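Listed here are the chains, written in short residue letters.
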Amino acid sequence: MSHGPVTSTIHTMADVWEAYRPELDGVEEQVRKNLDSSVALVNTVAAQILTSGGKRIRPLLLLLSARACGYLGRDHHQLSSLVEFIHTATLLHDDVVDEADVRRGRRTARKVWGNQISILVGDYLYSKAMALVVEFRSQGINEVLAEACTKMAEGEVLQLYYNGNPATPESDYLRIVEHKTAGLIAAGCKMGAIIADATEDRQDALFRFGQYLGIAFQVADDTLDYTANGDRLGKTLGQDLRQGKATLPLLHLLQQCSEQDRRMITDRMETRTLTEADLERILSLMTTHGSIAYAMDRARAYVAAAKRELEIVEDCTARRALCVAADYMITRDR
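Focus: the overall build of the chain
Argument step 1. Each helix and strand in the chain was counted, giving 17 helices and 2 strands.
Argument step 2. Taking 334 residues into account, the globule formula puts the C-alpha radius of gyration at 20 Å, and the chain, at 20 Å, falls close to it.
Argument step 3. Based on the C-alpha atoms only, the size of the chain along its principal axes is roughly 60 × 45 × 30 Å.
Argument step 4. Taking all contacts inside the chain whose residues are at least 6 apart in sequence as the whole, residues at least 24 apart take part in 74%.
Argument step 5. Entry remark: accessible area of the chain is about 14,500 Å², with carbon and sulfur atoms responsible for 49%.
Argument step 6. Seen as two clouds, the 39 positive and the 46 negative side-chain charges of the chain have centres 2 Å apart.

In C-alpha coordinates form, the structure reads like this:
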(Lines give C-alpha, C1' and ligand atoms only; values in the text may rest on other atoms or scores of the structure.)
Protein backbone atom coordinates (compact mmCIF):
# COMPACT_ATOMS: atom_id res chain seq x y z
CA MET A 1 0.00 0.00 0.00
CA SER A 2 1.38 3.43 -0.94
CA HIS A 3 1.71 6.09 1.73
CA GLY A 4 3.03 8.95 -0.41
CA PRO A 5 6.64 9.54 -1.48
CA VAL A 6 8.86 6.51 -1.08
CA THR A 7 11.94 7.76 0.70
CA SER A 8 13.99 6.80 3.72
CA THR A 9 15.49 10.30 4.04
CA ILE A 10 12.74 12.01 6.03
CA HIS A 11 14.89 13.40 8.85
CA THR A 12 14.28 17.15 8.81
CA MET A 13 11.40 19.45 8.05
CA ALA A 14 13.18 20.46 4.83
CA ASP A 15 12.96 16.78 3.78
CA VAL A 16 9.22 16.79 4.51
CA TRP A 17 8.55 19.98 2.54
CA GLU A 18 10.56 18.61 -0.40
CA ALA A 19 8.98 15.14 -0.36
CA TYR A 20 5.43 16.48 -0.18
CA ARG A 21 5.85 19.56 -2.38
CA PRO A 22 3.74 18.06 -5.22
CA GLU A 23 0.96 17.38 -2.68
CA LEU A 24 1.10 20.95 -1.39
CA ASP A 25 1.13 22.27 -4.96
CA GLY A 26 -2.17 20.43 -5.39
CA VAL A 27 -3.52 22.30 -2.35
CA GLU A 28 -2.34 25.66 -3.78
CA GLU A 29 -4.13 24.91 -7.03
CA GLN A 30 -7.36 24.25 -5.13
CA VAL A 31 -6.93 27.44 -3.08
CA ARG A 32 -6.69 29.45 -6.30
CA LYS A 33 -9.67 27.67 -7.89
CA ASN A 34 -11.83 28.22 -4.82
CA LEU A 35 -11.17 31.97 -4.82
CA ASP A 36 -13.85 32.67 -7.38
CA SER A 37 -16.06 35.36 -5.90
CA SER A 38 -17.88 37.55 -8.42
CA VAL A 39 -16.85 40.49 -6.19
CA ALA A 40 -13.24 41.15 -7.23
CA LEU A 41 -12.29 42.84 -3.94
CA VAL A 42 -13.10 39.65 -2.01
CA ASN A 43 -10.59 37.70 -4.12
CA THR A 44 -7.98 40.48 -3.85
CA VAL A 45 -8.14 40.73 -0.05
CA ALA A 46 -8.21 36.96 0.45
CA ALA A 47 -5.32 36.44 -1.97
CA GLN A 48 -3.23 39.07 -0.17
CA ILE A 49 -3.18 37.07 3.05
CA LEU A 50 -3.29 33.62 1.43
CA THR A 51 -0.08 34.44 -0.47
CA SER A 52 1.70 36.20 2.40
CA GLY A 53 4.13 33.38 3.13
CA GLY A 54 2.23 31.05 5.46
CA LYS A 55 3.81 27.63 5.89
CA ARG A 56 0.62 25.66 5.09
CA ILE A 57 1.30 23.49 8.13
CA ARG A 58 -2.40 22.67 8.65
CA PRO A 59 -2.90 21.41 5.08
CA LEU A 60 0.35 19.46 5.36
CA LEU A 61 -0.80 17.70 8.52
CA LEU A 62 -4.11 16.76 6.88
CA LEU A 63 -2.28 15.41 3.80
CA LEU A 64 0.13 13.40 5.95
CA SER A 65 -2.66 12.03 8.15
CA ALA A 66 -4.56 10.83 5.09
CA ARG A 67 -1.47 9.21 3.55
CA ALA A 68 -0.46 7.64 6.89
CA CYS A 69 -3.87 5.93 6.93
CA GLY A 70 -3.32 4.58 3.42
CA TYR A 71 -5.31 7.12 1.39
CA LEU A 72 -4.56 6.91 -2.33
CA GLY A 73 -6.85 9.55 -3.82
CA ARG A 74 -6.61 13.30 -4.42
CA ASP A 75 -9.65 14.71 -2.64
CA HIS A 76 -7.46 15.57 0.34
CA HIS A 77 -6.10 18.49 -1.70
CA GLN A 78 -9.52 20.13 -1.70
CA LEU A 79 -10.14 19.31 1.95
CA SER A 80 -6.77 20.80 2.90
CA SER A 81 -7.53 23.98 0.96
CA LEU A 82 -10.76 24.40 2.95
CA VAL A 83 -8.85 24.09 6.23
CA GLU A 84 -6.51 26.81 4.97
CA PHE A 85 -9.53 29.00 4.08
CA ILE A 86 -10.84 28.67 7.64
CA HIS A 87 -7.41 29.37 9.14
CA THR A 88 -7.08 32.45 6.93
CA ALA A 89 -10.52 33.66 8.02
CA THR A 90 -9.39 33.48 11.66
CA LEU A 91 -6.27 35.53 10.84
CA LEU A 92 -8.36 38.26 9.20
CA HIS A 93 -10.65 38.37 12.24
CA ASP A 94 -7.81 38.13 14.79
CA ASP A 95 -5.97 41.08 13.25
CA VAL A 96 -9.09 43.22 13.68
CA VAL A 97 -9.62 42.08 17.27
CA ASP A 98 -5.92 42.62 18.11
CA GLU A 99 -5.72 45.88 16.10
CA ALA A 100 -2.63 44.40 14.41
CA ASP A 101 -0.79 46.43 11.79
CA VAL A 102 1.73 43.80 10.67
CA ARG A 103 1.54 40.07 9.94
CA ARG A 104 4.48 38.06 8.53
CA GLY A 105 6.34 41.31 7.94
CA ARG A 106 3.59 42.84 5.75
CA ARG A 107 0.77 45.27 6.43
CA THR A 108 -2.37 43.48 7.56
CA ALA A 109 -5.52 43.52 5.45
CA ARG A 110 -7.20 45.76 8.00
CA LYS A 111 -4.42 48.36 7.55
CA VAL A 112 -4.78 48.24 3.76
CA TRP A 113 -8.57 47.95 3.34
CA GLY A 114 -10.02 48.62 6.79
CA ASN A 115 -11.65 46.57 9.54
CA GLN A 116 -15.03 46.13 7.86
CA ILE A 117 -13.58 44.59 4.69
CA SER A 118 -11.31 42.31 6.74
CA ILE A 119 -14.21 40.99 8.80
CA LEU A 120 -16.47 40.47 5.80
CA VAL A 121 -13.81 38.70 3.71
CA GLY A 122 -13.11 36.48 6.71
CA ASP A 123 -16.83 35.69 6.84
CA TYR A 124 -16.75 34.89 3.12
CA LEU A 125 -13.87 32.45 3.55
CA TYR A 126 -15.65 30.68 6.42
CA SER A 127 -18.87 30.44 4.40
CA LYS A 128 -17.08 29.29 1.25
CA ALA A 129 -15.27 26.54 3.15
CA MET A 130 -18.50 25.29 4.71
CA ALA A 131 -20.31 25.36 1.36
CA LEU A 132 -17.57 23.34 -0.35
CA VAL A 133 -17.07 20.83 2.47
CA VAL A 134 -20.70 19.73 2.07
CA GLU A 135 -19.76 18.37 -1.36
CA PHE A 136 -17.81 15.57 0.37
CA ARG A 137 -21.15 14.21 1.63
CA SER A 138 -19.49 13.05 4.83
CA GLN A 139 -21.32 13.54 8.11
CA GLY A 140 -18.09 12.84 9.99
CA ILE A 141 -16.20 15.60 8.17
CA ASN A 142 -19.10 18.04 8.57
CA GLU A 143 -19.28 17.40 12.29
CA VAL A 144 -15.56 17.66 13.04
CA LEU A 145 -15.15 20.89 11.05
CA ALA A 146 -18.28 22.51 12.50
CA GLU A 147 -17.10 21.64 16.01
CA ALA A 148 -13.67 23.14 15.31
CA CYS A 149 -15.19 26.42 14.08
CA THR A 150 -17.47 26.63 17.13
CA LYS A 151 -14.53 26.07 19.46
CA MET A 152 -12.40 28.69 17.71
CA ALA A 153 -15.08 31.33 18.26
CA GLU A 154 -15.44 30.29 21.91
CA GLY A 155 -11.66 30.43 22.37
CA GLU A 156 -11.50 33.94 20.94
CA VAL A 157 -14.24 35.14 23.32
CA LEU A 158 -12.52 33.46 26.28
CA GLN A 159 -9.24 35.14 25.37
CA LEU A 160 -10.96 38.53 25.21
CA TYR A 161 -12.57 37.85 28.59
CA TYR A 162 -9.17 37.27 30.17
CA ASN A 163 -7.35 39.99 28.23
CA GLY A 164 -5.38 42.25 30.56
CA ASN A 165 -5.98 39.86 33.47
CA PRO A 166 -2.71 38.59 35.00
CA ALA A 167 -4.73 36.26 37.25
CA THR A 168 -5.67 34.01 34.31
CA PRO A 169 -5.50 30.39 35.55
CA GLU A 170 -3.04 28.25 33.60
CA SER A 171 -5.86 25.77 32.97
CA ASP A 172 -7.92 28.49 31.26
CA TYR A 173 -4.91 29.62 29.22
CA LEU A 174 -4.56 26.04 27.96
CA ARG A 175 -8.31 25.89 27.29
CA ILE A 176 -8.03 29.03 25.13
CA VAL A 177 -5.12 27.47 23.22
CA GLU A 178 -6.96 24.17 22.79
CA HIS A 179 -9.98 25.98 21.34
CA LYS A 180 -8.31 28.72 19.30
CA THR A 181 -5.33 26.90 17.80
CA ALA A 182 -5.44 23.17 18.48
CA GLY A 183 -9.07 22.67 17.43
CA LEU A 184 -8.52 23.26 13.72
CA ILE A 185 -5.25 21.30 13.61
CA ALA A 186 -6.93 18.36 15.37
CA ALA A 187 -9.89 18.57 12.99
CA GLY A 188 -7.56 18.55 9.97
CA CYS A 189 -5.71 15.46 11.16
CA LYS A 190 -8.96 13.62 11.89
CA MET A 191 -10.44 14.61 8.50
CA GLY A 192 -7.36 13.13 6.85
CA ALA A 193 -8.13 9.86 8.62
CA ILE A 194 -11.85 10.08 7.79
CA ILE A 195 -11.22 10.56 4.07
CA ALA A 196 -8.96 7.49 4.19
CA ASP A 197 -11.78 5.41 5.73
CA ALA A 198 -9.56 4.74 8.75
CA THR A 199 -10.96 2.95 11.78
CA GLU A 200 -12.59 5.04 14.49
CA ASP A 201 -9.65 4.32 16.80
CA ARG A 202 -7.22 5.76 14.25
CA GLN A 203 -9.46 8.76 13.60
CA ASP A 204 -9.58 9.52 17.32
CA ALA A 205 -5.82 8.98 17.72
CA LEU A 206 -5.05 11.40 14.90
CA PHE A 207 -7.47 13.92 16.40
CA ARG A 208 -5.60 13.73 19.71
CA PHE A 209 -2.27 13.91 17.84
CA GLY A 210 -3.41 17.16 16.24
CA GLN A 211 -4.79 18.50 19.51
CA TYR A 212 -1.56 17.90 21.44
CA LEU A 213 0.45 19.25 18.53
CA GLY A 214 -1.69 22.39 18.30
CA ILE A 215 -1.20 23.11 22.00
CA ALA A 216 2.56 22.60 21.66
CA PHE A 217 2.60 24.86 18.60
CA GLN A 218 0.85 27.73 20.41
CA VAL A 219 2.77 27.41 23.67
CA ALA A 220 6.05 27.49 21.72
CA ASP A 221 4.77 30.41 19.64
CA ASP A 222 3.81 32.35 22.77
CA THR A 223 7.26 31.66 24.21
CA LEU A 224 8.95 32.87 21.01
CA ASP A 225 7.25 36.20 21.65
CA TYR A 226 9.78 36.71 24.45
CA THR A 227 12.83 35.05 22.90
CA ALA A 228 12.92 35.22 19.10
CA ASN A 229 14.37 37.68 16.66
CA GLY A 230 11.66 40.32 16.17
CA ASP A 231 12.66 41.17 12.60
CA ARG A 232 12.47 37.55 11.53
CA LEU A 233 9.09 37.09 13.20
CA GLY A 234 7.62 40.19 11.62
CA LYS A 235 6.38 41.50 14.95
CA THR A 236 7.73 43.34 17.97
CA LEU A 237 9.25 41.39 20.84
CA GLY A 238 6.84 41.32 23.77
CA GLN A 239 3.83 42.10 21.60
CA ASP A 240 1.55 39.73 23.52
CA LEU A 241 2.36 41.51 26.77
CA ARG A 242 1.72 44.89 25.16
CA GLN A 243 -1.72 43.62 24.11
CA GLY A 244 -2.49 42.40 27.61
CA LYS A 245 -2.24 38.69 26.76
CA ALA A 246 -1.14 36.51 29.66
CA THR A 247 0.58 33.55 28.00
CA LEU A 248 2.31 30.61 29.68
CA PRO A 249 5.81 32.13 30.25
CA LEU A 250 4.24 35.19 31.88
CA LEU A 251 1.77 33.17 33.96
CA HIS A 252 4.68 31.11 35.28
CA LEU A 253 6.68 34.25 36.07
CA LEU A 254 3.76 35.81 37.96
CA GLN A 255 3.64 32.71 40.16
CA GLN A 256 7.40 32.85 40.88
CA CYS A 257 8.42 36.51 41.13
CA SER A 258 8.35 38.91 44.08
CA GLU A 259 5.22 40.83 45.04
CA GLN A 260 6.88 44.07 43.87
CA ASP A 261 7.66 42.66 40.43
CA ARG A 262 4.19 41.12 40.22
CA ARG A 263 2.63 44.53 40.88
CA MET A 264 4.81 46.11 38.17
CA ILE A 265 3.86 43.48 35.58
CA THR A 266 0.18 43.62 36.53
CA ASP A 267 0.16 47.39 36.18
CA ARG A 268 1.79 47.28 32.74
CA MET A 269 -0.70 44.65 31.55
CA GLU A 270 -3.74 46.50 32.83
CA THR A 271 -2.69 49.92 31.54
CA ARG A 272 -1.11 48.64 28.28
CA THR A 273 2.00 50.71 29.02
CA LEU A 274 5.27 48.90 28.50
CA THR A 275 8.61 50.65 28.08
CA GLU A 276 11.73 48.99 26.69
CA ALA A 277 13.17 49.07 30.21
CA ASP A 278 10.09 47.26 31.53
CA LEU A 279 10.41 44.61 28.84
CA GLU A 280 14.11 44.10 29.57
CA ARG A 281 13.28 43.73 33.26
CA ILE A 282 10.57 41.15 32.54
CA LEU A 283 12.81 39.19 30.15
CA SER A 284 15.55 39.16 32.81
CA LEU A 285 13.07 37.92 35.41
CA MET A 286 11.92 35.16 33.03
CA THR A 287 15.52 33.97 32.76
CA THR A 288 16.03 34.14 36.53
CA HIS A 289 12.88 32.21 37.35
CA GLY A 290 13.11 29.70 34.47
CA SER A 291 9.81 30.76 32.91
CA ILE A 292 10.96 30.28 29.30
CA ALA A 293 12.36 26.84 30.12
CA TYR A 294 9.14 25.91 31.93
CA ALA A 295 6.96 26.85 28.95
CA MET A 296 9.18 25.05 26.44
CA ASP A 297 9.26 21.94 28.65
CA ARG A 298 5.45 21.96 28.61
CA ALA A 299 5.48 22.31 24.82
CA ARG A 300 7.93 19.39 24.49
CA ALA A 301 5.73 17.24 26.73
CA TYR A 302 2.75 17.88 24.43
CA VAL A 303 4.85 16.95 21.38
CA ALA A 304 5.86 13.68 23.10
CA ALA A 305 2.20 12.95 23.87
CA ALA A 306 1.29 13.68 20.24
CA LYS A 307 3.91 11.28 18.90
CA ARG A 308 2.67 8.51 21.20
CA GLU A 309 -0.74 8.76 19.51
CA LEU A 310 0.90 7.78 16.21
CA GLU A 311 1.81 4.33 17.52
CA ILE A 312 -1.58 3.09 16.26
CA VAL A 313 -0.47 3.86 12.68
CA GLU A 314 1.90 1.46 10.92
CA ASP A 315 5.39 2.70 10.17
CA CYS A 316 5.53 4.46 6.80
CA THR A 317 6.96 7.59 5.21
CA ALA A 318 3.93 9.70 6.10
CA ARG A 319 4.05 8.65 9.76
CA ARG A 320 7.75 9.52 9.94
CA ALA A 321 6.94 12.88 8.32
CA LEU A 322 4.28 13.50 10.99
CA CYS A 323 6.87 12.84 13.71
CA VAL A 324 9.32 15.26 12.10
CA ALA A 325 6.55 17.86 11.76
CA ALA A 326 5.72 17.38 15.46
CA ASP A 327 9.31 18.20 16.46
CA TYR A 328 9.34 21.16 14.07
CA MET A 329 6.47 22.75 15.99
CA ILE A 330 8.79 23.70 18.84
CA THR A 331 12.08 24.25 17.00
CA ARG A 332 10.98 26.64 14.26
CA ASP A 333 11.50 30.41 14.31
CA ARG A 334 7.91 30.89 13.22
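Things to note about helix 5 (residues 75–97)
Argument step 1. The terminal C-alpha atoms of helix 5 lie 34 Å apart, and with 23 residues this matches the ideal 33 Å at 1.5 Å per residue to within 8%.
Argument step 2. Most of helix 5 sits out of view: 21 of its 23 residues are buried.
Argument step 3. Glutamate 99 occupies a position one or two residues after helix 5 and carries a positive phi of about 55°.

A look at the pattern of salt bridges
Argument step 1. All told, the structure shown has 21 salt bridges when counted by the stated rule.
Argument step 2. Between lysine 180 and aspartate 94 there is a salt bridge, and its shortest N-O distance comes to 3.7 Å. Residue lysine 180 is found in helix 9 (residues 170–195), and its partner aspartate 94 is found in helix 5; the two are separated by 86 residues along the sequence.
Argument step 3. Residue classification places aspartate 94 among the buried positions, given a relative accessible area of 13%.
Argument step 4. In this structure, the salt-bridge partner of arginine 103 is aspartate 95, at a minimum N-O distance of 2.8 Å.
Argument step 5. By relative accessible area, aspartate 95 is classed as buried at 5%.

Brief notes about the packing of helix 5 against helix 8 (residues 139–162)
Argument step 1. At a minimum axis separation of 12 Å, helix 5 and helix 8 run at an interaxial angle of 15°. Comparing their axes, helix 8 and helix 5 come out roughly parallel. When the axes of helix 5 and helix 8 are compared, the crossing they make is right-handed. Every residue of helix 8 that contacts helix 5 at Leu79, Ile86, Thr90, Asp94 and Val97 is listed here: Ile141, Leu145, Cys149, Met152, Glu156 and Leu160.
Argument step 2. Each residue belonging to the contact of helix 5 with helix 8 can be placed in one class, and the counts come to 8 nonpolar, 1 polar and 2 charged.

Quick notes on unusual backbone geometry
Negative phi values dominate among residues other than glycine, just as trans dominates among peptide bonds.
Argument step 1. Located in the positive-phi region is glutamate 99, a residue other than glycine, with phi close to 55°.
Argument step 2. Relative to the elements of secondary structure, glutamate 99 occurs in the loop between helix 5 and strand 1 (102–103).
Argument step 3. Here glutamate 99 falls in the exposed class, since its relative accessible area comes to 60%.
Argument step 4. Its identity as a non-glycine residue notwithstanding, arginine 104 has a phi of 50°, on the positive side.
Argument step 5. With respect to the helices and strands, arginine 104 occurs in the loop between strand 1 and strand 2 (106–107).

Here we look at the environment of tyrosine 161
Argument step 1. Mapped onto the secondary structure, tyrosine 161 falls in helix 8.
Argument step 2. Looking at tyrosine 161, the relative accessible area reads 63%, which means it is exposed.
Argument step 3. Residues tyrosine 161 and leucine 91, spaced 70 residues apart in sequence, show a C-alpha to C-alpha distance of 19 Å.

A few points about the nonpolar core
Argument step 1. By size, the foremost hydrophobic cluster in this structure holds 102 residues, and its most contacted members are Met13, Val16, Leu60, Leu61, Phe209, Leu250 and Ile282.
Argument step 2. Take this core: its biggest share by element is 12 residues, from helix 9.
Argument step 3. Leaving out residues up to four positions away in the same chain, valine 16 has contacts with Ile10, Leu60, Leu64, Ala321 and Val324.

Parameters at a glance
The numbering scheme is per chain: residues are counted from 1 as the chain's sequence reads. Local features in this predicted model are restricted to residues of pLDDT 70 or higher, and side-chain atom pairs are both shown and tallied only at a pLDDT of 80 or more, whereas totals for entire chains, interfaces and linings draw on every residue. The side-chain quantities take in all heavy atoms of the structure and omit both hydrogens and water. Secondary structure elements are defined from DSSP: runs of H or I of at least 4 residues count as helices, runs of E of at least 2 residues count as strands, and each element is numbered from the N terminus. To get the radius of gyration, use the C-alpha atoms; to get the globule rule, take the number of residues to the power 0.38 and multiply by 2.2 Å. What makes two residues a contact is simply this: any of their non-hydrogen atoms within 4.5 Å. To be clear on the numbers: accessible area is Shrake-Rupley with a 1.4 Å probe, and residue cover counts the displayed protein chains and nothing else. Think of it this way: Lys and Arg go in the positive column, Asp and Glu in the negative one, and His and the chain ends go nowhere. Every charge is mapped to an atom, namely NZ of Lys, CZ of Arg, CG of Asp or CD of Glu. For a helix, the expected span equals 1.5 Å multiplied by the residue count minus one. Relative accessibility under 20% of the residue-type maximum defines a buried residue, over 50% an exposed one, and the middle range a partly exposed one, all with a 1.4 Å probe and only protein chains included. Each reported salt bridge corresponds to a side-chain nitrogen of Lys or Arg within 4 Å of a carboxyl oxygen of Asp or Glu. All axes are obtained by fitting lines to C-alpha atoms, using only the stretch in contact for helices, and the reported angles, taken between N-to-C directions, cover 0 to 180 degrees. For classification, angles of less than 35 degrees are called roughly parallel, those exceeding 145 degrees roughly antiparallel, those between 65 and 115 degrees roughly perpendicular, and all remaining angles oblique. The sense of a crossing depends on the near helix, which, turned anticlockwise from the far helix by less than a right angle, makes the crossing left-handed and, turned clockwise, makes it right-handed. Polar here means any residue other than Ala, Val, Leu, Ile, Met, Phe, Trp, Tyr, Cys and Pro, which are nonpolar, and Asp, Glu, Lys and Arg, which are charged; Gly is therefore polar. The definition of a nonpolar core used throughout is a set of buried Ala, Val, Leu, Ile, Met, Phe, Trp, Tyr and Cys residues joined through side-chain atoms within 4.5 Å.

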